[in-house]
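# Observations on chain architecture
Each chain, letter by letter, is given below.
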Amino acid sequence: MDARGSFYLLLPFLVLLARGAGAATLTFNNKCTYTVWPGTLTGGGGGQLSSTGFELAPGASFTINGVPDTWSGRVWGRTGCATDASGKFTCAAADCGSGQVSCNGAGAIPPASLAEFTLAAAGSGKQDFYDVSLVDGFNLPISATPQGSGSACSATSCPGNVNSVCPPELAVKGSDGSVVACKSACLAFNQPQYCCTGSYGSPDTCPPTNYSKIFKAQCPQAYSYAYDDKTSTFTCAGGADFLITFCP
Ligand SMILES: *[C@@H]1O[C@H](CO)[C@@H](O)[C@H](O)[C@H]1NC(C)=O
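Quick summary incoming for the structure in this document. Just so you know, these numbers come straight off a predicted model, no measurement behind them.

Take the pattern of salt bridges next. Counting across every chain of the model gives two salt bridges. Between Glu 116 and Arg 74 there is a salt bridge whose closest N-O contact spans 2.9 Å. On the criterion of sequence distance, the pair formed by Glu 116 in strand β6 (residues 114-118) and Arg 74 in strand β4 (residues 72-83) is long-range, its members being 42 residues apart. Residue Glu 116 is classed as buried on the basis of its relative accessible area, which comes to 18%.

See below:
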């Protein structure tokens with residue numbers, strides 16, 4: 001076969017490559033003054049991403065390629081992590097309990113600030129959905145910004161530091177006594193009015209509480225409780241890549 005013949009055979013694959021071959025990227029950027037250990041978890045029984053946990057120094061960034069364009073899952077940032085004398089890796093906040101830097105299919109143990117995604121393929125007519133959730137609490141500021149084909153779409157951000165205004169009854173303290181995370185009232189008290197369960201089990205019957213308002217004041221775009229208003233879910237035409245920033 002001549003060179004031109006091979007080129008036409010390859011053409012469909014070249015077009016696929018140019019479109020990212022049906023894959024998205026998740027890029028993580030650490031703007032905090034401290035090291036963050038991001039974790040990723042695929043939802044709904046899908047396969048885990050090529051990285052389920054890694055270390056990100058202040059100012060560093062890291063990209064996970066080959067994220068399926070229909071991926072759904074969540075990402076978060078572990079803080080205050082160290083490896084003990086026996087080789088076990090643990091974190092002061094948002095640990096996944098794997099004992100390793102990789103989370104291997106384990107999720108964040110709350111409280112943890114989460115960025116959640118349900119992606120859709122480019123050209124499918126469906127939308128990417130994304131949000132920042134503090135429903136189980138907060139550990140560090142985080143944002144999710146659509147990139148690539150989605151660069152015109154809105155970012156969603158939790159820029160505030162809830163730890164600095166966390167009521168003592170919700171606070172999780174590190175070994176040095178500083179507040180390393182802030183539980184949601186649902187997580188701390190497990191009561192229907194905070195968890196939107198029982199007679200509080202619908203958007204109409206589960207209003208914001210004095211506790212959820214503390215989270216909402218710091219992070220107006222983030223979910224502060226289960227039935228937070230619709231300003232907390234963001235959408236973009238399917239096929240976007242995403243940038244996750246810690247301490248945006
Ligand atoms: C929130 O309201 C509950 C119930 O009224 C009260 O016990 C609690 O002290 C309040 N907490 C804050 C931080 O306002």
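There's more to say after this.
So, on to the packing of aromatic side chains. A complete count under the given rule lists 11 aromatic pairs for this structure. With a centroid separation of 6.4 Å and 20 degrees between ring planes, the pair formed by Phe 28 and Phe 246 is classed as stacked. In this pair, Phe 28 sits in strand β1 (residues 23-30) while Phe 246 sits in strand β14 (residues 241-246), placing the two residues 218 residues apart along the sequence. Of the two residues, Phe 28 and Phe 246, both sit in the buried class. Among the aromatic residues, ring-to-ring pairing joins Trp 71, Phe 117, Tyr 130, Phe 234 and Phe 242 into one connected group.

Attention now goes to the state of the cysteines. With the rule as written, the count across this model stands at eight disulfides. Each disulfide pairs two cysteine sulfurs, and for Cys 186 the partner residue is Cys 195, the sulfurs being separated by 2.1 Å. Because the torsion about its S-S bond is 105 degrees, the bridge between Cys 186 and Cys 195 counts as right-handed. On the accessibility criterion, Cys 195 (13% relative accessible area) is buried.

A few words now on the nonpolar core. Core analysis: the biggest nonpolar cluster contains 41 residues, and Leu 26, Phe 28, Phe 117 and Phe 246 have the highest contact counts within it. Secondary structure elements with two or more residues in this core: β1, β3 (61-68), β6, β7 (127-133), β9 (142-147), α4 (210-218), β13 (234-237) and β14. The residues contacting Phe 117, other than those within four sequence positions of it, are Trp 71, Ser 72, Gly 73, Val 75, Phe 129, Tyr 130, Ala 144, Phe 242 and Ile 244. Counting seven residues, the second largest nonpolar core, distinct from the first, contains Leu 41, Ala 94, Cys 103 and Leu 114.

For the rest of this paragraph, the subject is the sheet that holds strand β11 (residues 171-173). Strands pair in a sheet through their backbones, by hydrogen bonds, and they do so in one of two ways: parallel or antiparallel. The three strands are arranged β8-β12-β11 in an open sheet whose pairing can be described as antiparallel. Two strands bound the open sheet, and with one partner strand each, they are β8 (137-138) and β11. Where β11 lies against strand β12 (residues 179-183), three bridges are found, and the strand directions are antiparallel. What sits directly across from Ala 171, in β12, is Cys 182.

The next thing to look at is the layout of surface pockets. Counted as a void, the largest pocket has a volume near 280 Å³. Lining the largest pocket are 17 residues, and of these Thr 79, Gly 80, Ser 178, Val 179 and Val 180 sit closest to its centre.

Here we take up the pairing of β9. Across three bridges, β9 lies against strand β10 (residues 156-158) in antiparallel orientation. By the bridge assignment for β10, Ser 143 is matched with Ser 157. Both β9 and β14 contribute to a ladder of six bridges, which runs antiparallel. Following the sheet pairing, Thr 145 is matched in β14 by Leu 243.

Rules used throughout
Residues numbered from 1 in each chain as written. Predicted model: local features only at pLDDT ≥ 70, side-chain atom pairs only at ≥ 80, totals over all residues. Heavy atoms only, no water. Salt bridge = Lys/Arg side-chain N within 4 Å of Asp/Glu carboxyl O. Helix = DSSP H or I, 4+ residues; strand = E, 2+ residues; numbered from the N terminus. Buried < 20%, exposed > 50% of the residue type's maximum accessible area, 1.4 Å probe, protein only. Phe/Tyr/Trp six-rings, centres within 6.5 Å; stacked < 30°, edge-to-face > 60°. Disulfide = S-S within 2.5 Å. Core = buried A, V, L, I, M, F, W, Y, C linked by side-chain atoms within 4.5 Å. Contact = heavy atoms within 4.5 Å. Pairing = 2+ DSSP bridges. 1 Å grid on protein atoms, 1.4 Å probe; cavity = no way out; pocket = protein on both sides within 12 Å on 5 of 7 lines; lining within 4 Å. Points joined across faces, edges and corners; volume = space filled by probe spheres on them.

By themselves, these figures tell us nothing about what the structure is for.
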